[in-house]
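# Summary of the model geometry
So the chains spell out like this:
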Amino acid sequence: TVQRMAALGVAWQSITHVAITHFHADHIGDLVMLIMAWRWGQLPARTTPVTLYGPAGTGQLFERLAVIYGPWMLAPGFPFTIRELASDEIVHLSDTVRLESVPVPHTAESVAYSVRDGSTHLVYTGDTGYTDALGDWATGCDLLLAECSLPDSMAVREHLTPRQAAAVAARANAKRLV
């Protein structure tokens, strides 16, 4: 991910917040390399804080990753903070940007995120199965960025199909579905 962001001209060095939806490898696998790049991949060394947001259990997950990859991941001297969000918590990322999460049906810890900046509202579902509650929670969003893993003919409880993603968007009255 770091190399791809660099190739695309994305300023990975400037990222200050990361939010993870759940603990499957396809959602967290590149975080170790990103943390390593933030820690040692730039001169002068990074001093800007990074906050990683995640569901309950995120702290334990990173403690286990530090056992595997080394204690450098959580060592003092690097401004890296892990925050576990409660489902009703609102986090103010800046004066105008706020982050919220809600549980979704995928794994025990899975959450979707809402990011609001003034009147602009983005909802990212993460991996999820269909639930009316998600559509209700996302009501009025400008952009619904929805996971859609399988065609309708291969529907499973833990992932959205195209029809289910459309149903969430319709229920939310989303202005745009991606």
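All figures in this text were calculated on a predicted structure; none of them were measured in a lab. (Residues numbered from 1 in each chain as written. Predicted model: local features only at pLDDT ≥ 70, side-chain atom pairs only at ≥ 80, totals over all residues. Heavy atoms only, no water.)

### Here we look at the environment of L143
So the rule is basically this: A run of H or I in DSSP counts as a helix once it spans at least four residues, and a run of E counts as a strand once it spans at least two, with each numbered from the N terminus. Burial classification: accessible surface area is computed with a 1.4 Å probe over protein chains only, and a residue below 20% of its type maximum counts as buried, one above 50% as exposed, and the rest as partly exposed.
Mapped onto the elements, L143 comes out in strand β8 (residues 143-145). For L143, a relative accessible area of 28% translates into the label partly exposed. Measuring from C-alpha to C-alpha, the distance between L143 and I28 comes to 23 Å, with 115 residues separating the pair along the chain.

### Digging into the sheet that holds strand β4 (residues 90-92)
For the record, the criterion: Paired strands, in this sense, are two strands between which DSSP finds at least two bridges. Angles run from 0 to 180 degrees between N-to-C directions of axes, and those axes are lines fitted to C-alpha atoms, restricted for helices to the stretch in contact.
With mixed pairing, the five strands of this open sheet are ordered in space as β4-β5-β6-β7-β8. Of all the strands in the sheet, just β4 and β8 have a single pairing partner and so form its edges. When the angles between neighbouring strand axes are averaged without regard to direction, this sheet yields 20°. Direction of pairing for strand β7 (residues 120-124) relative to β8: parallel, over a ladder of three bridges. Bridging across to β8, L122 finds its partner in L143.

### A closer look at the pattern of salt bridges
Put simply, the rule reads: By salt bridge we mean one thing: a side-chain nitrogen of Lys or Arg within 4 Å of a carboxyl oxygen of Asp or Glu.
A full pass over the atoms with the stated rule returns eight salt bridges. Between D132 and R171 there is a salt bridge, and its shortest N-O distance comes to 3.7 Å. In this pair, D132 is assigned in helix α5 (residues 132-137) and R171 in helix α6 (residues 162-172), connecting sequence segments 39 residues apart. Overall, the relative accessible area of 40% leaves R171 in the partly exposed class. Three or more residues joined by partner-sharing salt bridges are found here, namely R98, E100 and R116.

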